[in-house]
Each structure stands twice: as C-alpha cells, then as structure tokens.
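Each chain, written out:
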Amino acid sequence: MTNTWQDIKNADVVLCMGGNAAEAHPCGFKWVIEAKIENQAKLVVVDPRFTRTASVADLYAPIRPGTDIAFLSGVVRFLLEKDAIQHDYVRAFTNAGLIVKDGFGFEDGLFTGYNEQARSYDKSSWDYELDGQGHARIDDTWQDPRCVINLLRKHVDRYTPEMVSRICGTPQDKYLEVCDLIATTAAPDKALTSMFALGWTQHSVGSQNIRTMAMVQLLLGNVGVAGGGMNALRGHSNIQGLTDVGLLSAAMPGYLTMPKDGEATFERYMATRQFKPLRPGQTSYWQNYRKFFVSFQKAIYGDAARADNDWAYDWLPKLDNDGYDILRAFEMMTNGEVNGYICQGFNPLQAFPDRGKIRGALAKLKFLVTMDPLDTETSRFWQDFGPQNPSDPAKIQTEVFQLPTTCFAEENGSLVNSSRWLQWHWKAAEGPGEARSDIWIMSGIFHRMREMYRKEGGAFPDPILNLAWNYTDPVSPNPEELAKDMNGRALLDLKDESGAVTLRAGQLLDGFAQLRDDGTTSSGCWIFSGCYTEQGNQMARRDATDPREQGIAPNWAWAWPANRRILYNRASADPAGNPWNPAKPIIQWNGSRWVGIDVPDYAPTTKPADAVGPFIMNAEGVGRLFARDQMMEGPFPEHYEPFESPVPNVLHPKVPTNPVARVFANDRAAFGTAQNFPYVATTYRLTEHFHFWTKHALINAILQPEEFIEIGEVLAREKGIAQGGWVRLSSKRGVIVCKAYVTKRIRPLVVNGKPTHVIGVPLHWGFTGQARKGYGANTLTPSVGDANTQTPEFKAFLVNVEKTGAPAPERAADV
C-alpha cells in the first residue's frame, strides 16, 4: 500500500477492482464502510462476479476476466478527452511534459525494438531525449508531439467506450458511469483510493494492470494524498514482508537486485544501479544504492566483507537467466534438472499452476523437505488419494522429509502487513510435539552444511564458511537479535562533518540515512532500518493515538521506510508547499521546513522553490506516465488477451497475448482453445477459509465443507445443471468433479458481439485436513505468468462444464 488501511476512510471514491475486499479482507473493509458513512464516499466495484463487496457498492460494473487494461486505458482516454485531470499536479509531479526519443513507437501490438525469436525487447528507444548535460528535455506547454502526455493520448485513443465494451463485456452505460464518478476526483480537494489484490496480479499482464491504475491516479492527482493511493491488499499476513526481505529469486533485501552473469565485477554491477538524476536538482535516491549494498554485505559476511575484496561481491550468486521463479523451478524439476527441493511455508501442490505438472515434477526429485505446521498436500504428493491425487507410491523414488514447524502464535517475531507496518507479536504457547521454529531448523541445516564444507571441502565453500553468525545462541538465534541485524548498527564510531561522534561503534542505527558505503555500517535490509533502535523495539509500539483522526497513528508499530505512513506525501502539497486539500493535509511547508502528521517523504528542509520532485526514488523526480525501460512489455500498458481466451484480440489479432511472457514449450502445448473449452473461469477465495490452512480446522471445515463452483443461472439452464447438482469442470490440463452453486451473481457478458459465460472456482480444498476431499482449482489452471513477476495466470483461463452424476462415496479412511 502507498497509504494505510485507516486512510481509506478519507477517500471520496473507493474503487475495488482486482479484489473482493469485503470477503477476502473483511476486517480492513470496515474502513470502506467508514468512508461511506462518515465521508459520504461512493464505492465502485468492477468485478466478473457480483461479490459481497459489490452488494454494498454504489455502482457495480461487470467485466470479463483478463481485460482490466482495456477498461482502465479507456478511463485514461476519457479523462484526457474530457480534460478531467488535475492539471497543476500532472504538470509539476509527473513526466507528462518530458520528451521521448524520436525512435520510439508502437504498431500492431508491438513497441519498437521487439525480437520475435528471443521474445524480448531492445528497450533503448524507450527513453527520453537528453540535452547536453544528460538531462531529459521537457516541454511544459505540452505542444511537442513527442512529449509523454501526447504520446499517451495517441496510445489510448483506440480505447473508446464502444471498444472497451466490446473487449470487456461491460455495458457502455455502466462503463461511462464509472468513468464519470472516477473523474470527480480530479478536483484537488477530492481523492479516489484504489483497492486491489490477486484479481490484478494473477494475470499474464498483472504488473501492467496495476500500472495502468497508477497512471489513472497520477492523472487525477491522487498519489501521495489522504484518501488516495494504490493500495495492494495482501493475501497473507506476511506476504509484504516476503518481498521486502528479498525472497523472490531475482531480488535481495530492500528491493536490491541480484547480480547477473554479465556483471562479473562489483563496479560493473554498481554502474547500472546508481541512477543519476535525469532532471536538474532531483534526489534520485537510488544514488545511495552502494550504501545499501555494502551495509547488506557487512550484515551477511561481517569482517570478511572488505574493501579489498569488493565487499565479498564475488560470493554472491550471479543469475544466468531472468530468475528461478516457481514456473522455471518446476519446469527444471520436470526435466530432471533439480535433485532436491526445500519447501518452507509453501504448499506447491495446491498453490502452483497445473497440478498434474507439479505432481509429476515432485516425483522426479531425489529428496523433498517440507517445513510447515500442518500436513500439506505437497508432503503427501506421493500418496494415492483416489481421483483427487492419483499416485503409485511404488514408482516414486522421492524421499520426503516432513519437518513440523511452530506457527506464528508459538514464537516471537514480526509480520509486515499491507500498510507496510512491521508489527511485533509475542509467543502465546509452546509448539506441539516435535515442532520447532523455522529459525531453529534453518540454523541446524546451516551448521551441518558448514561443517561438511569444513571437513570435506567443495567447489566454492567461501560463501558458506564466511557467513557471519554472531548470535547469543547460535543453534537457535533470538528473533530480537535477527531484527537488530535487519535494522543495522554502527561498526565503528560514526562522525558528522564537524568530526563529532553521532553514533558509537556497536550502537543500533536510527535509520537508513546513517548508512555508509565504507564498511562502517551494517544493515540486513535498508528499508527496515529504524525498526529496532537504541530506543527499543519500535515494532512493539502500541500507541493508537491518531493526529486529527486522519488514519496515521504514527506510534502504532513501525512502517517502512522511516515510519512513513503515506508514501510520496510531498505530493499532498502543491508546488508552493500548500496542501491541495486544506481539510486533510499530510505535510506542508511552514517557511523553514516540512511539517505535518506524517514523516515527510522528502528532505525536511528542502524548499519548495528548489523544485525537487516528490517521487524521490525516480531519477526524474516525478511519477511516470511513461515507464521508460522498467516494464517488460512496454512503457505504456496495452491490452493483451489471456493465454486462454474465448475471443481473438480485436486490437491486434497477430499479437493476441503478451509477447514477452515466458512460456515453456510443454506448457504452451497444454493451452486449451475456445472450441473445446468455451467458458471463462476465474479462481477466488472465501471468507470462511484462509488459503489451504483452515480446512484443517473443524469449524472452518463445517462452514465450507466441500469443493464447489459458482455458475450463472443462464448457463446452468443451458447445461441442465441444478442447484447443488454434480458437475464435471475440465480444462486441457485436468478435471474436477464437484457441486454447482447456481447463482444470479454471475451473468453472461456480451463480448465481441457474442455471449460469454464466466465460472467461479474457489480454491481452498485438497486431500488433507478436516474438510471433504477436493481436487483443487489449480488442477485446471495454466502454467504461464506475468512477464515481470512470473505470477501465475489463475484469474483467466478456459474450461468446459458438464452435468454429471455423484461420485462414489468416500471411504471412511479417506474422509
């Protein structure tokens, strides 16, 4: 989230698109209700189903799964055509006036620089025209045809209301109502907040879904302001923390990036990461990348990371491809290229696409280690559970080690929520039986591996032998000690420019501004610096005091970065430093410094007259309507059909799907066509279950005991399917047999002149736990993902549905 859950109450319009907050985030959704009651906010829901969120909406519009970019690009076109943008904000705080290189273009679904054989782009034309000082040229009058705002107008011109309706199936009148309501928030004293979740991310164009909405928000002046922002609703209590600490294969903590094969030296690595300002006087905070990186290396390798060995840069792995994400990992497993797999807190057999492929891949391992509080489907993949998991254990040689772990309530530690709050939690009970903490298990694996390297040697033992491990109990490090490592500390006395000591050696840092690149500081995750200081554990704070009752609560827990609750909050004030909305100011200039209810996302004494942009991480200092080379598919979003679609791409039939999405040959062969699978399916979650955990809890299993699909009344009549009747739902990858819930909440959409039916597939059931056995929605889903993150396309795929008879009763031992 750029803002906070509580800040949603400040919104004038709430757009729930790409998520169903009332069902999937019911506690957080109370802030939407408060916005409606206290602020007379309008709730707009755009969703394939009439959801629980839609049931309390002021305006609901249906949409075909996988067409959000077309919908939102039409919104952009509407705002520009109607001149419903916040002009002063857009001119001062976006790259609307920056001039793009003459070689850049777009035609028939492709941007310039496409290599069809490599399925990738040469992005060199996706940039600004520079002057003699290396700064981007700008036309503040917006007259130059190649300035960003004019190229954007040209790009979205195809997305007329008629075209949007043709692609999305959204009735034109409903669509224009949505556009009109969104446009009201272009007024400086109005704000729209965007609430989204996996309904946007789990697509082959997921990142661009989000980016398109961010562009809408920039045009409206709704980023950095109270009641505005882009607010991702995380589907797990610590998924935000997972990405923060770099658990994605191409990332390191604090959103640093892994070196690549071609970056053999430290200087080569740094040359592409310390971004110089592209406009005069801009901050471009990534200029401090070297400080973040060196401090991270010191946290990992301690005294072994020195200037004379480039801070142990050679000990970091170098990526030989674009990342070892889950899609690539299981493709390699399928091909026999992986010997062992340690699965910690994940259940791939339930959570990853194309269940049949996942099951087959796990069977080719030599060993599998699962670390989980519960008995998961993954740890039992080898066992025959009938049609829900057909298997012949005698033919599977994978040795499975189940290591039971404690859960969050059985240990101290921190969780990072959607609002970027690091909240400390305390141990409430001892773990059952032989359950041990993840820290204890990982520590044990590390010590055994290191001892093996010491005794037996190895091809490259240095990264393991030189890891710093300075904990009071090296067998089971204390979570508080680990938190301090993340925060960082001074390794030598730190002095200011006058020579005065500001921090003694060994003291914890106050924040990332104290990080150095000379080896005198350490920090395991620079954005977490400030969470555990000499003043104590900031994550454990529980003061709910909220200045002006505006949704900030600065002394409750701690938010990264720097305890800032609203990112880019300099943009909440106009270029002169006065709040756009005087009734809901966040920070403002008082003549000598920036003051307000939040930590300024800005140097506190930078004068408005200096014209330093509020988007300090960008080299331009402004928000990007044109993304330069930061996205795989192009600097502007473009509608591409899901890889399984019921219709051709009416905008560019020759380039129907994302041209740079990585698709393995066998996975492409497993895609179905509309001829055999004529209906669109989409997966989702229920309030009564939390992913695949709560089917182990009896009360949840009673509330939602068995697998079902949701099907509209019209399609049910066509297929002869009765309420509660048994159906066979199939894709090219597999079949599930379950009951049908026939509902008015899903109605056929007219897409490209033809009726299109959508089927909802909840995903919670498997063959372990207290609930009745289920096949799992991922039995049906395709193995393809977003081109930037490789997040699988669970939200739009093709199926067929048929009436069938009840299956044979489950044996008592199997229930």
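Residues numbered from 1 in each chain as written. Predicted model: local features only at pLDDT ≥ 70, side-chain atom pairs only at ≥ 80, totals over all residues. Heavy atoms only, no water.

**Here we look at the sheet that holds strand β33 (residues 797-803)**
Rules: Two strands form a pair only when DSSP identifies at least two bridges running between them. Each helix corresponds to a stretch of at least 4 residues labelled H or I by DSSP, and each strand to a stretch of at least 2 residues labelled E; elements are numbered beginning at the N terminus. Here the axes come from fitting lines to C-alpha atoms, over the contacting stretch only for helices, and the angles between their N-to-C directions go from 0 to 180 degrees.
One closed barrel holds the 6 strands; their spatial order is β26-β32-β27-β29-β28-β33, and the pairing between them is mixed. The sheet shows a mean angle of 45° between the axes of neighbouring strands, taken without regard to direction. Relative to β33, strand β28 (residues 726-731) runs antiparallel, the two being bridged by 4 bridges. Across the sheet, the residue bridging to Arg-728 is Glu-802, located in β33.

**A word on the sheet that holds strand β9 (residues 230-232)**
Taken together, the 5 strands give an open sheet; going across it, the order is β3-β2-β1-β8-β9, and neighbouring strands pair in parallel fashion. Each edge of the sheet is formed by a strand with only one pairing partner; in this case those strands are β3 (59-61) and β9. Taken over all neighbouring pairs, the strand axes of this sheet differ in orientation by 20° on average, direction set aside. For strand β8 (residues 192-196) and β9, the ladder comprises 3 bridges, and the chain directions are parallel. The residue bridging Ser-194 from the neighbouring strand is Met-230, located in β9.

**A short note on the environment of His-757**
Among the secondary structure elements, His-757 is positioned in the loop between β31 (754-756) and β32 (758-762). Distance from His-757 to Thr-406, taken between C-alpha atoms, is 44 Å for residues 351 residues apart in sequence.

**Describing the pairing of β28**
One ladder, built from 6 bridges, connects β28 with strand β29 (residues 734-743); its direction is antiparallel. By the bridge assignment, Ser-730 is partnered in β29 with Val-735.

**Some remarks on the domain arrangement of the protein**
Spelled out, the test is: The source of the domain bounds is an automatic or database domain assignment. Two residues form a contact once any of their heavy atoms are found within 4.5 Å. Throughout, buried area stands for the accessible area (probe radius 1.4 Å) lost by two parts on being put together, summed over both.
By domain assignment, the protein separates into domain 1 (326-463) and domain 2 (665-803). Distance from the C-alpha centre of domain 1 to the C-alpha centre of domain 2: 27 Å. At the junction of the two partners, domain 1 supplies 23 residues and domain 2 supplies 26 residues. Interface of domain 1 and domain 2: buried area, both sides summed, is about 2,100 Å²; carbon and sulfur atoms make up 58% of it.

**Quick word on the packing of helix α3 (residues 68-81) against helix α5 (residues 148-156)**
We count it as follows: Any angle that is under 35 degrees is reported as roughly parallel, and any over 145 degrees as roughly antiparallel; angles of 65 to 115 degrees are reported as roughly perpendicular and all others as oblique. Left-handed describes a crossing in which the near helix is turned anticlockwise from the far one by less than a right angle; the clockwise case is right-handed.
At a minimum axis separation of 9 Å, α3 and α5 run at an interaxial angle of 125°. Between α3 and α5, the angle is such that the two are oblique. Along this stretch, α3 crosses α5, giving a crossing that reads as left-handed. Counted together, Ser-73, Val-76, Arg-77 and Leu-80 of α3 and Ile-149, Leu-152, Arg-153 and Val-156 of α5 form the full contact between these two elements.

**Points about the packing of aromatic side chains**
Operational definition: Side-chain rings of Phe, Tyr and Trp (the six-membered ring for Trp) are treated as a pair once their centres are within 6.5 Å; stacked means planes under 30 degrees apart, edge-to-face means over 60, and tilted covers the remaining angles. Accessibility here uses a 1.4 Å probe with only protein chains present; expressed as a share of the type maximum, an area under 20% marks a residue as buried, one over 50% as exposed, and anything in between as partly exposed. A positively charged side chain is recorded as over a ring if its NZ (Lys) or CZ (Arg) lies within 6 Å of the ring centre. The angle to the ring normal must also be within 35 degrees.
This model, assessed by the stated rule, comprises 42 aromatic pairs. Aromatic pair Tyr-285 and Phe-292: ring centres 6.1 Å apart, planes at 25°, arrangement stacked. An identical accessibility class is assigned to Tyr-285 and Phe-292; each is buried. On the basis of an interplanar angle of 0° and a centroid distance of 3.8 Å, the ring pair of Phe-292 and Trp-526 is categorised as stacked. Taken together, the positions of Phe-292 in helix α12 (residues 289-301) and Trp-526 in the loop between β20 (521-522) and β21 (532-533) put the pair 234 residues apart, joining distant regions of the chain. Each member of the pair, Phe-292 together with Trp-526, is buried. These aromatic residues form a ring-pair network of at least three members: Phe-266, Tyr-269, Tyr-285, Trp-286, Tyr-289, Phe-292, Phe-293, Tyr-313, Phe-512 and Trp-526. In this structure, Arg-570 is placed above the aromatic ring of Tyr-602, and the distance from its NZ or CZ to the ring centre is 5.5 Å.

**Here we look at the side chain of Asn-417**
To keep things clear, this is the line we draw: In protein, a polar contact requires one atom able to donate a hydrogen and another able to accept it; more generally it is a pair of N or O atoms within 3.5 Å, and residues adjacent in sequence count only if both atoms are side-chain atoms.
Along the polypeptide, Asn-417 turns up in the loop between β15 (413-416) and β16 (421-425). When its relative accessible area of 17% is taken as the criterion, Asn-417 is described as buried. Polar contacts involving the side chain of Asn-417 include one to the main-chain amide nitrogen of Ser-419, which spans 2.9 Å. A distance of 3.0 Å separates a polar atom in the side chain of Asn-417 from the backbone nitrogen of Trp-421. Those residues in contact with Asn-417 that lie beyond four places of it in its chain are Ser-237, Gln-240 and Gln-423.

**What to know about empty space enclosed by the protein**
Quick note on the threshold: With a 1 Å grid spanning the protein atoms alone, the term cavity applies to any set of points in which a 1.4 Å probe fits but cannot get out, the term pocket to an open set with protein on both sides within 12 Å along at least five of seven lines, and the term lining residue to any residue with an atom within 4 Å of a point. Grid points are joined across faces, edges and corners, and a volume is the space filled by probe spheres set on the points. Nonpolar residues are Ala, Val, Leu, Ile, Met, Phe, Trp, Tyr, Cys and Pro. Charged residues are Asp, Glu, Lys and Arg, and all others, Gly as well, are polar.
Enumeration according to the criterion identifies 3 cavities of 30 Å³ or more in this entry. Empty space within the largest cavity amounts to approximately 110 Å³. If you trace the largest cavity, you find 15 residues lining it, with Pro-188, Ala-191, Val-225, Ala-226 and Asn-581 closest to the centre. A breakdown of the residues in the lining of the largest cavity according to their chemical character gives 5 nonpolar, 6 polar and 4 charged.

**A closer look at the nonpolar core**
Here is the rule we go by: Buried residues of nine kinds, namely Ala, Val, Leu, Ile, Met, Phe, Trp, Tyr and Cys, make up a nonpolar core once their side-chain atoms join them within 4.5 Å.
If you look at the biggest cluster of nonpolar residues, it comprises 77 residues, and the most contacted ones within it are Phe-71, Leu-79 and Leu-625. Grouped together as the second largest cluster of nonpolar side chains are 37 residues, Met-270, Phe-292, Ile-527 and Phe-528 included.

**Notes on helix α2 (residues 30-38)**
Where we set the bar: Summarising the geometry, the arc corresponds to the directions from the helix axis toward the C-beta atoms.
Where α2 is concerned, the buried positions are Trp-31, Val-32 and Ala-35. Looking straight down α2, one finds its buried side chains confined to an arc of 110°; they lie on one side. Every exposed residue of α2 that faces more than 90 degrees away from the buried side is listed here: Lys-30, Ile-37 and Glu-38. Residues of α2 that are buried sit in contact with β1 (13-17), β2 (42-46) and β8. Downstream of α2 by a residue or two, Gln-40 has a phi angle that is positive, lying close to 55°.

**With respect to a nonpolar patch on the surface**
Cut-off, in case you're wondering: Each patch is built from residues lacking any salt bridge and having more than 30% relative accessible area; the joining distance is 9 Å for like charges and 5 Å for nonpolar side chains (Val, Leu, Ile, Met, Phe, Trp, Tyr). Computed by Shrake-Rupley with a 1.4 Å probe, the accessible areas treat only the displayed protein chains as cover when residues are assessed. Salt bridge, as applied in this entry: a Lys or Arg side-chain nitrogen positioned within 4 Å of an Asp or Glu carboxyl oxygen.
Together, Ile-342, Phe-367 and Phe-401 make up a nonpolar patch on the protein surface, roughly 260 Å² of accessible area in all. In this fold, Phe-401 is placed in strand β14 (residues 399-404). For Phe-401, a relative accessible area of 37% puts it in the partly exposed group.

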